[in-house]
There are 2 protein chains.
Amino acid sequence: MSKGLPKRSEDYSLWYNELVKKAGLAENSAVRGCMVIKPYGYAIWEKMQRVLDDMFKATGHENAYFPLFVPKSLFEAEEQNAEGFAKECAVVTHYRLQTDPDNKGKLRVDPAARLEEELIVRPTSEAIIWSTYKNWIQSYRDLPLLVNQWANVVRWEMRTRLFLRTAEFLWQEGHTAHATAEEAIAETEQMLHVYADFVENYMAVPVVKGIKTPNERFAGALETYCIESLMQDGKALQTGTSHFLGQNFAKAFDVKFATKEGGLDYVWGTSWGVSTRLMGALIMTHSDDEGLVLPPNLAPIQVVIVPIYKGEEQLAQISEKVNQLKKELQAKGISVKFDNRDTERPGFKFAEWELKGVPVRIAIGGRDLENGTAEVARRDTKEKSTQQFDSLTTYIPALLEEMQASIFNKALQHRAEHTTKVDSYEEFKQVLETKGGFVLAHWDGSPETEERIKEETKATIRCIALDAEDEDGVDMLSGKPSKKRVYFAKAY
Amino acid sequence: MSKGLPKRSEDYSLWYNELVKKAGLAENSAVRGCMVIKPYGYAIWEKMQRVLDDMFKATGHENAYFPLFVPKSLFEAEEQNAEGFAKECAVVTHYRLQTDPDNKGKLRVDPAARLEEELIVRPTSEAIIWSTYKNWIQSYRDLPLLVNQWANVVRWEMRTRLFLRTAEFLWQEGHTAHATAEEAIAETEQMLHVYADFVENYMAVPVVKGIKTPNERFAGALETYCIESLMQDGKALQTGTSHFLGQNFAKAFDVKFATKEGGLDYVWGTSWGVSTRLMGALIMTHSDDEGLVLPPNLAPIQVVIVPIYKGEEQLAQISEKVNQLKKELQAKGISVKFDNRDTERPGFKFAEWELKGVPVRIAIGGRDLENGTAEVARRDTKEKSTQQFDSLTTYIPALLEEMQASIFNKALQHRAEHTTKVDSYEEFKQVLETKGGFVLAHWDGSPETEERIKEETKATIRCIALDAEDEDGVDMLSGKPSKKRVYFAKAY
């Protein structure tokens, strides 16, 4: 098959879009800004979901489901102090479609079927969930309340890109309530570490754990924790957030509890989420000009086996060996596909599975049959080697493990090469212009400096790293004293 | 705990609503007609999803995700021949919420942010999916296309009931495309059997497999297959449908393929779905005046262990034994909860787990410690027995298996006792009035007779059973000849 992928070095953005489509991950739909997640892309998302869901449950969370719609008045409760609030969101105003009386071939919205109160398609579920928690929480015995939801949400984005920014996307949102600030903060931090664990050990994408500046904080949070990752083009991508909400939502929705001591207090909240945006991070971090590169831990197909044969008899001989191997690898929890299609040639199959990022390809031909061997190709480095067929049941699992580590280390190295300490604004701008990446610089802590840098360079403070070392310095712009460097970058 | 459940015999409908709420399954939300599925209810739904999803994948299907919204024009393509079409559905007309300039404490929909074309929140996804398939299918090599979606859908129902009929509900919808009518029919029938397998062997709810009359068919289908179940109050509930769509959607959305023979033809389609409505069927089929009765195969907690102790020391002794037992049962794939809360008394715990339908309760007290025994109570029959503690690791798995079969058989017997053959309309009406249930009667095949019976008795033809025996008879009303009896019932 002809891949026809643009090169990353020529047009990274076009390369990404074409890769997402050609690898069968997602495509645009008939609805502006909404994507179709295709079976192969959805299979990766399902693997992500399964791992994350197990992690959430292992940390004591339960799933539930809350309504898609939020009555306008609930937003008013949440936003009562917001001046000049405007939210791009999908608004339901009517509830009936009917034949147009003036044009029988057309449908129209029945003007008589107008809702008394408009409904907003959830852009996030704090409002609907906290209005529900009011009834679920009476006493300290009801706490902590540890609930997660897997759902679709809608934000009316004007400029969209597959996975990275779409009007509708899929995500999970955890919403928890606690008796004390300390417990809520511990929960917020715990979930940040869960996300970091997942993103690094399954997606093989390195993260910086940190907190957001007040400017970049989630509205309604006292503290926003985040993990930030670096893509191959030197732009950062936020790969997860976890918010300590203080008592803000409890106060907005009047969620009080009887304390152990006999008092009455507002509960302390958190919320945390990751979305199908992670698919974008996964694709952009590892893939190359030949197509997708998937870390073995999230690949729907980890091993593909392609027979190279002349005639039915040879195919039968190969199939017998392959089916045995497949069974043995599957017994070790490895997903294997035997691509024995007779409609396509081996070269076409090689290119297709390369494009789809299958970590390991095994090819077996007539000579391999004679020699008891097989050709093993790894997708990440494109290295090929000849292996004893009988050794494959131990060789392949070890190879997959090595590849998982190797893919992570490559990304880690890329990040190290694209993380630069700078001490002057000139240097700052030059690094952003030339190599991009994370720029570690001193900042005086003022929103004004942050804002000015953003306006002038489009770089934002991605986070103040949790493990940032104390270092005396001065802000690049204001010259005011600073105690720590922060992470700047242009971001998705 | 005080359950305060109404009796089924006094008010079945109220009993159902109260049970759903008190057992922690679901509740009404701030949005009219939309429910909140609470953690315990959602845990059951997750188990259902997992089993069904495995079955879909075992039969070759892949999951994907399509947009929540359907542009109005796509409905027009689908409904172009429908006269006087009216659909109760949620319509998105605007895309921005903002501070009301006339009342700063309020929000309003920005009148300037009106969509060019209204978007319908999907009531089902045929339109959006078939408009996508047009691009996915070119040749016979692309067929069959076997795709499923797990999603939320919205139908603007006026009278709603938790799980049974809600404006928003969760479901899965399979949408497949095939090269021939035969293959599409085989797929339609296969999925009906998958549903029947699931509903009978996991939900322990007996089904009648059949086809719908043209009146009750899904609009756009050439044939609708269904499974029908009987609730304890004698009303039927449709527990799944599978539609053979012929080439209707392919024609509406112009989905053609190059045949093997070099021609060009429209593809043949199917769609099939089950929803959170199944939760209603599960609850109503088995539960009793004490609360929920769950078949072991779908119970989130299969075994609960309650310690009955005096003092910390005795609790420690019991805990040691219980933790060992728990580990051994879990190793056999059984989910166990050790309810060692010190805030509640055993009697409260017994009542709570009874209400929540946990299949098996084990109680261990001081005398049990001495005797090496435990008290085992099964939820379905309420039988209690004393068992040797050391035998529990074999006794419990066998008991759960027996209970699964027993719960199914009880429902089967109820159905047998509430399935009545009648030959006259007088008898038909009398049976419906007195005992309800399925009524097997002859029908002349005309929509007119069907319609008249529905108007006069509120009973509908649930299905023409696939295994209906040939039997010469005459229609109760028209006296015209009939070859088979069909299933009538009042239905949810």
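The rules we used
- Note that residues are indexed from 1 along each chain, following the sequence as it is written.
- Chains carry letters from A onward and ligands carry numbers from 1 onward, assigned in written order.
- With pLDDT at 70 or above as the cut-off, local features in this predicted model cover only qualifying residues; side-chain atom pairs require 80 or more to be listed or tallied, and sums for whole chains, interfaces and linings still use all residues.
- Note: side-chain values were computed over all heavy atoms of the structure, leaving out hydrogens and water.
- UniProt positions are given in the numbering used here, feature names are shortened, and annotations may be inferred rather than shown by experiment.
- Secondary structure is summarised from DSSP: a helix means a run of H or I of at least four residues, a strand means a run of E of at least two, and numbering begins at the N terminus for each.
- The buried label applies to any residue whose accessible area, calculated with a 1.4 Å probe on protein chains only, is under 20% of its type's maximum; exposed applies above 50%, and partly exposed to all values in between.
- Side-chain atoms alone can form a polar contact between residues adjacent in sequence; in general such a contact is a pair of N or O atoms within 3.5 Å, and within protein one must be able to donate a hydrogen while the other accepts it.
- The contact criterion used throughout is that any non-hydrogen atoms of two residues lie within 4.5 Å.
- Think of a nonpolar core as a cluster: buried Ala, Val, Leu, Ile, Met, Phe, Trp, Tyr and Cys residues, connected wherever their side-chain atoms sit within 4.5 Å.
- Accessible area that two parts lose when put together, evaluated with a 1.4 Å probe and summed over both, is termed the buried area.
- The salt bridge definition used is simple: a Lys or Arg side-chain nitrogen within 4 Å of an Asp or Glu carboxyl oxygen.
- Throughout, the ten residues Ala, Val, Leu, Ile, Met, Phe, Trp, Tyr, Cys and Pro are labelled nonpolar, Asp, Glu, Lys and Arg are labelled charged, and all others, Gly among them, are labelled polar.
- A pair of strands is treated as paired once DSSP finds two or more bridges between them.
- Where helices are involved, their axes are fitted lines through C-alpha atoms of the stretch in contact, as for all axes, and angles between N-to-C directions lie from 0 to 180°.
- In this analysis, rings of Phe, Tyr and Trp, with Trp reduced to its six-membered ring, are considered paired at centre separations within 6.5 Å, and the interplanar angle assigns stacked below 30 degrees, edge-to-face beyond 60, and tilted for intermediate values.
- Note: domain ranges come from an automatic or database domain assignment.
- Here the copies are matched by least squares. The fit uses the C-alpha atoms of residues with pLDDT of at least 70 in both.
- By construction, the arc corresponds to the directions joining the helix axis to the C-beta atoms.
- Here is the rule for angles: anything less than 35 degrees is roughly parallel, anything more than 145 is roughly antiparallel, 65 through 115 is roughly perpendicular, and the remaining ranges are oblique.
- Two helices cross in a left-handed way if the nearer one is turned anticlockwise from the farther one by less than a right angle. They cross in a right-handed way if the turn is clockwise.

An unreviewed UniProt entry lists chain A under the name Proline--tRNA ligase, with Pontibacter qinzhouensis as the source organism. Per UniProt, the comment on chain A under Subcellular location (unreviewed entry) is "Cytoplasm". Annotation of chain A in UniProt includes, under Sequence similarities (unreviewed entry), the sentence "Belongs to the class-II aminoacyl-tRNA synthetase family. ProS type 3 subfamily."

Visitor: Which parts of the structure should I look at to understand the side chain of A:Ser242?
Guide: All names here are of chain A. Relative to the elements of secondary structure, Ser242 occurs in strand E12 (residues 236-246). Assessed through its relative accessible area of 0%, Ser242 is described here as buried. Here the side chain of Ser242 touches Thr188 through a polar contact of 2.7 Å, landing on its backbone oxygen. When residues no more than four places from it in sequence are discounted, the contact partners of Ser242 are Thr188, Met191, Leu192, Glu223, Thr224, Tyr225, Ser271 and Trp272.

Visitor: So what exactly am I meant to see when it comes to the nonpolar core here?
Guide: Most often, soluble globular proteins have nonpolar side chains that are buried together. Judged by nonpolar contacts, the single largest core of 94 residues is most densely connected at A:Phe69 and B:Phe69. Every residue in contact with B:Phe69, bar those within four places of it in the chain, is listed here: A:Val31, A:Cys34, A:Ala90, A:Val121, A:Val154, A:Trp156, B:Val92, B:Leu119, B:Ile120, B:Val121 and B:Ile128.

Visitor: Can you help me understand the interface of chain A and chain B in this one?
Guide: Note: interface size is frequently given as the accessible area lost on complex formation between the parts. Taken together, the contacts link 70 residues of chain A with 70 residues of chain B. Summing both partners gives a buried area of about 5,900 Å² for chain A against chain B, and 63% of it is carried by carbon and sulfur. Here chain A is connected to chain B by 6 salt bridges. Linking B:Arg96 and A:Glu88 is a salt bridge whose minimum nitrogen-to-oxygen distance equals 2.7 Å. By residue number, the principal contributor to the side of chain A that touches chain B is strand E5 (residues 86-100) of chain A, which donates 14 residues. Residue composition of the side of chain A that touches chain B, grouped by class: 39 nonpolar, 11 polar and 20 charged.

Visitor: For this particular structure, what's the right way to read the sheet that holds strand E17 (residues 336-338) of chain B?
Guide: Within a sheet, adjacent strands bond to each other through the backbone by hydrogen bonds, running parallel or antiparallel. Residues and elements named next belong to chain B. Strand order in the open sheet formed by 5 strands is E17-E16-E18-E19-E20, and the pairing between neighbours is mixed. The sheet is open, and its two borders are formed by E17 and strand E20 (384-388), each paired with just one other strand. Strand-to-strand twist in this sheet, taken as the mean axis angle between neighbours without regard to direction, amounts to 25°. Both strand E18 (residues 360-364) and strand E19 (residues 373-378) contribute to a ladder of 4 bridges, which runs antiparallel.

Visitor: How do you make sense of the packing of aromatic side chains when you look at a structure like this?
Guide: How two aromatic rings sit relative to each other is set out by the distance from centre to centre and by the angle between their planes. Scanning the model with the defined rule gives 38 aromatic pairs over all chains in all. Between A:Phe428 and A:Phe488, the ring centres sit 5.0 Å apart and the planes meet at 85°, which makes this aromatic pair edge-to-face. Here A:Phe488 lies in strand E26 (residues 485-489) and A:Phe428 lies in helix H12 (residues 425-434), a separation of 60 residues in the sequence. Residues A:Phe428 and A:Phe488 agree in their burial class; the two are buried. Seen from their ring centres, B:Phe66 and B:Trp136 are 5.8 Å apart, and the 40° between their planes marks the pair as tilted. Within this pair, whereas B:Phe66 is found in the loop between strand E3 (62-63) and strand E4 (69-71), its partner B:Trp136 is found in helix H4 (residues 126-136), the two being separated by 70 residues in sequence.

Visitor: Looking at this model, I keep getting lost on the pairing of strand E11 (residues 223-230) of chain B. Mind explaining?
Guide: On a regular strand, each side chain points to the face opposite its neighbour's, so the side chains alternate between the two faces of the sheet. Residues and elements named next belong to chain B. The element E11 is largely enclosed, with a buried count of 7 among its 8 residues. As judged from the 4 bridges shared by strand E10 (residues 208-211) and E11, these two strands associate in the antiparallel manner. Paired with Val208 across the strands is Glu228, a residue of E11. Strand direction decides the pairing type here: E11 and strand E12 (residues 236-246), joined by 8 bridges, are antiparallel. Bridge pairing in E12 places Ser229 opposite Leu237. Hairpin connection, E11 to E12: the antiparallel pair is bridged by 5 residues, and Gly234 has positive phi, about 85°.

Visitor: In this structure, what is going on with the domain arrangement of chain A? I would like to understand it.
Guide: Domain boundaries in chain A define domain 1 (12-68 + 126-286), domain 2 (303-399) and domain 3 (419-489). For domain 1 of chain A versus domain 2 of chain A, the distance between C-alpha centres works out to 39 Å.

Visitor: Sorry if this is basic, but what is going on with the pairing of strand E10 (residues 208-211) of chain A here?
Guide: As paired strands, E10(A) and strand E23 (residues 460-465) of chain A are joined by 2 bridges and run antiparallel to one another. Within E23(A), the residue paired with A:Gly210 across the bridge is A:Ala465.

Visitor: Help me understand the relation of the copies chain A and chain B in this model?
Guide: Superposition of the two copies of the chain requires a rotation about an axis together with a shift along that axis. Rotating chain A by 180° and translating it 0.0 Å along the rotation axis places it on chain B, where the RMSD comes to 0.0 Å. Expressed as an axis order, the relation between the two copies is that of a two-fold axis. When each C-alpha of chain A is compared by its distance to the rotation axis, A:Val92 comes out closest, at 2.1 Å. Both copies share a contact surface, since 99% of the interface residues of chain A are interface residues in chain B too.

Visitor: When you look at the pattern of salt bridges in this model, what are you seeing that I'm missing?
Guide: Residue and element names in this part refer to chain A. Taken as a whole and judged by the stated rule, the model has 62 salt bridges over all chains. Of the charged contacts, one joins Lys256 and Asp254 as a salt bridge, the two residues approaching to 3.7 Å between their closest N and O atoms. Among the charged side chains, a network of salt bridges with common partners joins Asp339, Arg341, Lys349 and Glu352.

Visitor: Explanation requested: H12(A) in the structure shown.
Guide: Note: α-helices contain 3.6 residues per turn, so residues at a spacing of three or four share the same orientation. Residues and elements named next belong to chain A. When H12 is considered as a whole, its buried residues turn out to be Tyr425, Phe428, Val431 and Leu432. Buried residues of H12, seen end-on, are gathered within an arc of 125° and therefore sit on one face of the element. The exposed residues of H12 that point more than 90 degrees off its buried face are Glu426, Gln430, Glu433 and Thr434. The inward-facing, buried residues of H12 abut strand E21 (419-421), strand E22 (438-442), helix H13 (447-457) and E26. One or two residues past the end of H12 sits Gly436, with phi positive at roughly 65°.

Visitor: Can you walk me through the sheet that holds strand E21 (residues 419-421) of chain B in this structure?
Guide: Residues and elements named next belong to chain B. The 11 strands are arranged E3-E8-E9-E15-E12-E11-E10-E23-E26-E22-E21 in an open sheet whose pairing can be described as mixed. Each end of this open sheet is capped by a strand with a single partner; those strands are E3 and E21. As paired elements, E12 and strand E15 (residues 268-275) share 5 bridges and run antiparallel to each other. Paired with His243 across the bridge in E15 is Ser271. Set on the sheet, helix H2 (residues 39-58) makes contact with E3, strand E8 (145-154), strand E9 (168-178) and E15; between it and E8 the angle comes to about 160°. Strands E21, strand E22 (438-442) and strand E26 (485-489) of the sheet are contacted by helix H12 (residues 425-434), whose axis makes an angle of about 170° with E22.

Visitor: Any chance you could explain the packing of H12(B) against helix H13 (residues 447-457) of chain B here in plain terms?
Guide: Think of two packed helices as two axes; the pair is described by the angle between the axes and how far apart they sit. Residues and elements named next belong to chain B. With their axes 11 Å apart at the nearest point, H12 and H13 run at an angle of 45° to one another. Compared by their axis directions, H12 and H13 come out oblique. For the crossing formed where H12 meets H13, the hand is right-handed. Contact residues: H12 offers Tyr425, Phe428, Lys429 and Leu432, while H13 offers Arg452, Ile453, Glu456 and Thr457. Here the residues of the contact of H12 with H13 are counted per class, giving 4 nonpolar, 1 polar and 3 charged.

Visitor: Which parts of the structure should I look at to understand the environment of B:Glu78?
Guide: Residues and elements named next belong to chain B. Among the structural elements, Glu78 can be located in helix H3 (residues 72-78). Spatially, the C-alpha atom of Glu78 lies 9.3 Å from that of Lys251, the residues being 173 residues apart in sequence. Aside from chain neighbours lying at most four places away, what touches Glu78 is Ala127, Phe249, Ala252 and Phe253.

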